[in-house]
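Structure assessment
Here's the letter readout for the chains.
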Amino acid sequence: MIATPDRTPLPRTFFGRPVLEVAPDLLGRLLVRTTPDGPITLRLTEVEAYDGPNDPGSHAYRGPTPRNSVMFGPPGHVYVYFTYGMWHCMNLVCGPEGRASAVLLRAGEIVEGAEAARKRRLSARNDKELAKGPARLATALGVDRTLDGTDACASGDTPLRILAGAPVPSDQVRSGPRTGVSGDGAVHPWRYWVADDPTVSPYRAHAPRRRPS
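Being a predicted model, the structure only gives us computed values, none of them experimental.

In this section: the overall build of the protein. When helices and strands are tallied, the protein shows four helices and nine strands. Helices (α) and strands (β) of the protein occur, in sequence order from the N terminus, as β-α-α-β-β-β-β-β-α-α-β-β-β. Here the C-alpha radius of gyration of the protein, 16 Å, is about what a compact globule of 213 residues would show, namely 17 Å. Projecting the C-alpha coordinates of the protein onto the three principal axes gives extents of approximately 45 × 40 × 35 Å. Taking all 213 residues of the protein together, the buried fraction comes to 51%.

Enumeration over the complete set of coordinates arrives at two aromatic pairs. Seen from their ring centres, Phe 14 and Phe 15 are 5.0 Å apart, and the 75 degrees between their planes marks the pair as edge-to-face. We classify Phe 14 as buried; its relative accessible area is 8%. Seen in terms of ring centroids, Tyr 79 and Tyr 81 are 5.7 Å apart; in terms of plane orientation they differ by 40 degrees. Their pairing is tilted. Judged by its relative accessible area of 12%, Tyr 81 falls in the buried class. Sitting above the plane of the Phe 14 ring, Arg 17 keeps its charged end 4.6 Å from the centroid.

So, on to a nonpolar patch on the surface. Taken together, the side chains of Tyr 84, Met 86 and Trp 87 define a hydrophobic patch exposed on the protein surface, amounting to about 370 Å² of accessible area. Relative to the helices and strands, Met 86 is located in the loop between strand S4 (78-83) and strand S5 (87-93). Here Met 86 falls in the exposed class, since its relative accessible area comes to 52%.

All right, on to the pairing of strand S6 (residues 102-112) then. Of all eleven residues that make up S6, eight are buried, and the element is covered over most of its length. Looking at chain direction, strand S3 (residues 38-50) and S6 are connected through nine bridges and run antiparallel. Bridge assignment links Arg 43 to a residue of S6, and that residue is Glu 109. In this structure, S5 lies alongside S6, joined through three bridges in antiparallel fashion. Paired with Val 93 across the two strands is Ala 102, which belongs to S6.

Quick notes on the rules
- Residues numbered from 1 in each chain as written.
- Predicted model: local features only at pLDDT ≥ 70, side-chain atom pairs only at ≥ 80, totals over all residues.
- Heavy atoms only, no water.
- Helix = DSSP H or I, 4+ residues; strand = E, 2+ residues; numbered from the N terminus.
- Rg over C-alpha atoms; globule rule 2.2 N^0.38 Å.
- Buried < 20%, exposed > 50% of the residue type's maximum accessible area, 1.4 Å probe, protein only.
- Phe/Tyr/Trp six-rings, centres within 6.5 Å; stacked < 30°, edge-to-face > 60°.
- Lys NZ or Arg CZ within 6 Å of the ring centre and 35° of its normal.
- Patch = residues over 30% accessible without salt bridge, like charges linked within 9 Å, V, L, I, M, F, W, Y side chains within 5 Å.
- Areas by Shrake-Rupley, 256 points an atom, 1.4 Å probe, with all protein chains shown as cover.
- Salt bridge = Lys/Arg side-chain N within 4 Å of Asp/Glu carboxyl O.
- Pairing = 2+ DSSP bridges.

Right under this line is the structure:
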């Protein structure tokens, strides 16, 4: 029996914990994005943890920069970055202020507002593909750098917020290597997903980008 999703907003204390506790606990939670086309609600099914100074795969491994400054701020804020010159990816900041860590939102199921998401994801073959992968998720929700630093725990009118949803039982959570991470960071099994969920993205090991000959 599937539990009825809880629409209570998650408090900042939820995100103030170590990232390796927060990441698997985000599975089954609801992300609500307010758009001009109406609200879009996504159930999180896949995430990755990035543990700042302890993690060579993290954007914050070498300290603060203008790009990653949100990661060093209060927990519960949104960190959005631009990658490969074309895609945005969305993270939720965790841990105590001043120590950067974040959870990359890799995939989810659109449970409300699918029509609005489809307008942004015209290449999706079906609704299971609307947010299947971090760039697709951000595109479906209309997330870009203008939302970097958004407080997902704020009350009132906010473009992004996280609701309690229906947490996934531990026996249905799987973990393994993170997608596309190279070097020393590749060994960490910090990717978490809901077992057998069709919206989870396929795992891909890091492949070096080919330089033009």
